[in-house]
Amino acid sequence: MPEPVTLSELQKMHRMAAALVVADPVYLPLFERIELELAAHQAKDDAISRARAIAACHRAVA
């Protein structure tokens, strides 16, 4: 099974795809797909951060 793509790799692909779109708009779907993957990665990180904050508050109260 392949390794998951890291945030750093996604950011690099995003920059590369942006340059491709500027040169030829035919690459726009690729660029948009990478943007969706970046947003999903960010949402996952945000959800984990929220869960940690809730757990920390619960420990502080208990």
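Residues numbered from 1 in each chain as written. Predicted model: local features only at pLDDT ≥ 70, side-chain atom pairs only at ≥ 80, totals over all residues. Heavy atoms only, no water.

Asks: When you look at the overall build of the protein in this model, what are you seeing that I'm missing?
Replies: A tally of helices and strands in the protein yields two helices and zero strands. Radius of gyration (C-alpha) of the protein: 17 Å, far over the 11 Å computed for a compact globule of 62 residues. Considered along the principal axes of its C-alpha atoms, the protein spans approximately 60 × 25 × 15 Å. By the burial criterion, 10% of the 62 residues in the protein qualify as buried. When the accessible surface of the protein is summed, it comes to about 5200 Å², and 65% of that surface belongs to carbon and sulfur atoms. Taking the average place of the 7 positive charges on the side chains of the protein and the average place of its 8 negative ones, the gap between the two points comes to 10 Å. (Helix = DSSP H or I, 4+ residues; strand = E, 2+ residues; numbered from the N terminus. Rg over C-alpha atoms; globule rule 2.2 N^0.38 Å. Buried < 20%, exposed > 50% of the residue type's maximum accessible area, 1.4 Å probe, protein only. Areas by Shrake-Rupley, 256 points an atom, 1.4 Å probe, with all protein chains shown as cover. Lys, Arg positive; Asp, Glu negative; His and termini not counted. Charge placed at Lys NZ, Arg CZ, Asp CG, Glu CD.)

Asks: Please explain helix α1 (residues 7–23) as it appears in this structure.
Replies: An α-helical segment advances 3.6 residues per turn. Residues three or four places apart therefore align on the same side. With 17 residues, α1 should reach 24 Å at 1.5 Å per residue; the first-to-last C-alpha distance of 25 Å fits that figure. Burial in α1 covers these residues: Leu10, Ala17 and Val21. Viewed along the axis of α1, the buried residues span an arc of 40°, placing them on a single side of the element. Exposed side of α1, more than 90 degrees from the buried face: Ser8, Arg15, Val22 and Ala23 are the residues found there. Contacts made by the buried residues of α1 are with α2 (28–61). (Expected span 1.5 Å × (residues − 1). Arc of directions from axis to C-beta. Contact = heavy atoms within 4.5 Å.)

Asks: I keep staring at the nonpolar core and nothing clicks. Help me out?
Replies: In this structure, Leu10, Ala17, Val21, Phe31, Ile34 and Leu38 together form the largest nonpolar core, which totals six residues. For this core, the secondary-structure elements that each account for two or more residues are α1 and α2. When neighbours within four sequence positions are excluded, Leu38 is seen to be in contact with Leu7, Leu10, Gln11 and His14. (Core = buried A, V, L, I, M, F, W, Y, C linked by side-chain atoms within 4.5 Å.)

Asks: For this particular structure, what's the right way to read the packing of α1 against α2?
Replies: Angle between the axes and distance between the axes: these two values describe a pair of packed helices. The geometry of α1 relative to α2 is characterised by a closest axis approach of 9 Å and an angle of 155° between their N-to-C directions. Judged on the interaxial angle alone, α2 and α1 are roughly antiparallel. The interaxial crossing formed by α1 with α2 has left-handed handedness. Note on element contacts: α2 touches α1 through Leu28, Phe31, Ile34, Glu35, Glu37, Leu38 and His41, opposite Leu7, Leu10, Gln11, Met13, His14, Ala17, Ala18 and Val21. A class-by-class count of the residues in the contact of α1 with α2 yields 10 nonpolar, three polar and two charged. (Axes fitted to C-alpha atoms, helices over the stretch in contact; angles between N-to-C directions. Parallel < 35°, antiparallel > 145°, perpendicular 65-115°, else oblique. Left-handed = near helix turned anticlockwise from the far one by under 90°. Nonpolar A, V, L, I, M, F, W, Y, C, P; charged D, E, K, R; others polar.)

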